[in-house]
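Residue-level structural notes
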Amino acid sequence: MWLDFDLCLGSVVWGHGREEIVAAVSRAPAGASTVPSIIEAEAAQTLLSRLDRYEAVRFFKTGADSCAVAIRLARQATGRDLVLSDGYHGWHDWSIAGAYSEAPEPLGIPDAVARLTVTLDPSLGPQAALAVLNDVGRGLAALVVRPEAWPARALQELIERARQLGAVSICDEVTSHLKYSRLGSAAERRAKPDMICIGKGLANGMPVTALLGPSALIDRIEAARISSTNWSETWSLAGLIAAEALLAGAPVWPSWRNELAEVVAALSRVVEEFALGGEFALVAHPGFFSIERPGRSFRTDPFRRHVASELGQRGLYTRGWFHGSDAHCPEDWDRLKEALSGALAAWCGR
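Conventions and cut-offs
Residues numbered from 1 in each chain as written. Predicted model: local features only at pLDDT ≥ 70, side-chain atom pairs only at ≥ 80, totals over all residues. Heavy atoms only, no water. Helix = DSSP H or I, 4+ residues; strand = E, 2+ residues; numbered from the N terminus. Rg over C-alpha atoms; globule rule 2.2 N^0.38 Å. Buried < 20%, exposed > 50% of the residue type's maximum accessible area, 1.4 Å probe, protein only. Salt bridge = Lys/Arg side-chain N within 4 Å of Asp/Glu carboxyl O. Expected span 1.5 Å × (residues − 1). Arc of directions from axis to C-beta. Contact = heavy atoms within 4.5 Å. Polar contact = N/O pair within 3.5 Å; in protein donor to acceptor, adjacent residues only side chain to side chain. Phe/Tyr/Trp six-rings, centres within 6.5 Å; stacked < 30°, edge-to-face > 60°. Lys NZ or Arg CZ within 6 Å of the ring centre and 35° of its normal.

So, on to the overall build of the protein. Looking only at helices and strands, the protein features 15 helices and twelve strands. By the compact-globule yardstick of 20 Å for 350 residues, the protein fits well, its C-alpha radius of gyration being 21 Å. With respect to the three principal axes, the spread of C-alpha positions in the protein is 60 × 50 × 40 Å. When burial is assessed residue by residue, the protein has 52% of its 350 residues classed as buried.

All right, on to unusual backbone geometry then. With an omega dihedral of -5°, the bond running from Trp253 to Pro254 counts as a cis peptide bond. One can find Pro254 in the loop between helix 12 (234-249) and helix 13 (257-273). The backbone of Cys8 sits at a positive phi, close to 55°, despite the residue not being glycine. Position of Cys8 relative to the elements: it lies in helix 1 (residues 7-10). Residue classification places Cys8 among the partly exposed residues on the basis of a relative accessible area of 46%. Here Arg225, not a glycine, exhibits a phi torsion of approximately 60°, which is positive.

On to the pattern of salt bridges, then. Within the structure shown, the criterion is met by 14 salt bridges. Here Arg18 makes a salt bridge to Glu20, at a shortest N to O gap of 3.0 Å. A residue is classified by how much of its surface remains accessible, and Glu20, at 38% relative accessible area, is partly exposed. With a closest N to O distance of 3.7 Å, Lys337 and Asp334 form a salt bridge. Pair noted here: Lys337 and Asp334 are both in helix 15 (residues 330-347), with a separation of three residues, about one helical turn. On the accessibility criterion, Lys337 (24% relative accessible area) is partly exposed.

This brings us to helix 13. Compared with an ideal rise of 1.5 Å per residue, which puts 17 residues at 24 Å, helix 13 spans 24 Å between its outermost C-alpha atoms and is within 8% of the ideal. Residues of helix 13 that are buried include every one of Leu260, Val263, Val264, Ala266, Leu267, Val270 and Val271, and no others. Within helix 13, the buried residues cover an arc of 160° as seen down the axis, which keeps them to one side. For helix 13, the exposed residues lying more than 90 degrees away from the buried face are Asn258, Arg269, Glu272 and Glu273. Among the structural elements, strand 9 (281-284), strand 10 (288-292), strand 12 (321-323) and helix 15 are those in contact with the buried residues of helix 13. Positioned one or two residues after helix 13, Ala275 has a phi angle of 55°, which is positive.

Structurally, Thr209 can be placed in strand 8 (residues 209-213). We classify Thr209 as buried; its relative accessible area is 5%. Of the polar contacts made by the side chain of Thr209, one reaches the backbone oxygen of Thr62; its length is 3.0 Å. Aside from chain neighbours lying at most four places away, what touches Thr209 is Arg58, Phe59, Phe60, Lys61, Thr62, Gly63, Ser66, Ile198, Gly199 and Leu202.

Quick look at the packing of aromatic side chains now. Counted according to the given criterion, the structure contains eight aromatic pairs. Above the ring of Phe288, the side-chain terminus of Lys179 is found at 5.5 Å from the ring centroid.

So, in structure tokens, the structure goes:
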């Protein structure tokens, strides 16, 4: 049996087949509806009670959908076209050209579309990002950033400057929301964007994401002719309601943050022992982490393949990132710690 630390890209935060969620889904009214259902209203009220800074919410199926809708609403509300983003925000045309500017094959994105999104590089620091923001000026429709990619003060300054320019600020928390705190990664940094996109973990791996913001923006969805047959599908919404109940009852969230921190600390000692500080970097967040080599593309780095192979031989599944869940026990984290230490040693020929 595999020990899973990939968890469907970090979506299965309560563990596979969590009993409470399975039971809720099995009791839900079947399928989809052509109009919003009662369970959709219940899911909305449940989510807004936790994230009560926001007035309205709409549900979608993927994080890419949520982000694309947010951009569309920002453009409609401002009457502007230009977008500033900080990397990957889904596969849709508005985002993907900048996120994969070095892709070996054409992406099929028209140049005219690609030019409407300017990509910020968080590694260059907040002042460089603010300079780009000021250069774009009042032609900006939206700023969309991943909160976890920025220091708290920098994130706050970027959002405030975008607001001064009359642009809509969007935090893409699809990956990070439930990996930081009950209120998400932007709130953890005391940032107050206009809208947030959240996804992975909302229904423990079932297909549902959400866009939250002021009613004045969210209510534009109909006028913008944004729709999908499957957005009102009820099983995922039932899973979301059950997952929110589990979250409300968790004493600490993420419940595995201390165990994950211990693994990162142990690996830091291994890196120091092997004098690998200049070659490896541990990129850690409260609910997930990765081991990367600075200056190399994480997606294509042979080290990532090495780690996946080494851990696979030990019965641990990962594609290079390490996501935790409420179902992982201390013994699971000990296995991961031992396996990763062995993988590092093998890479160095120890």
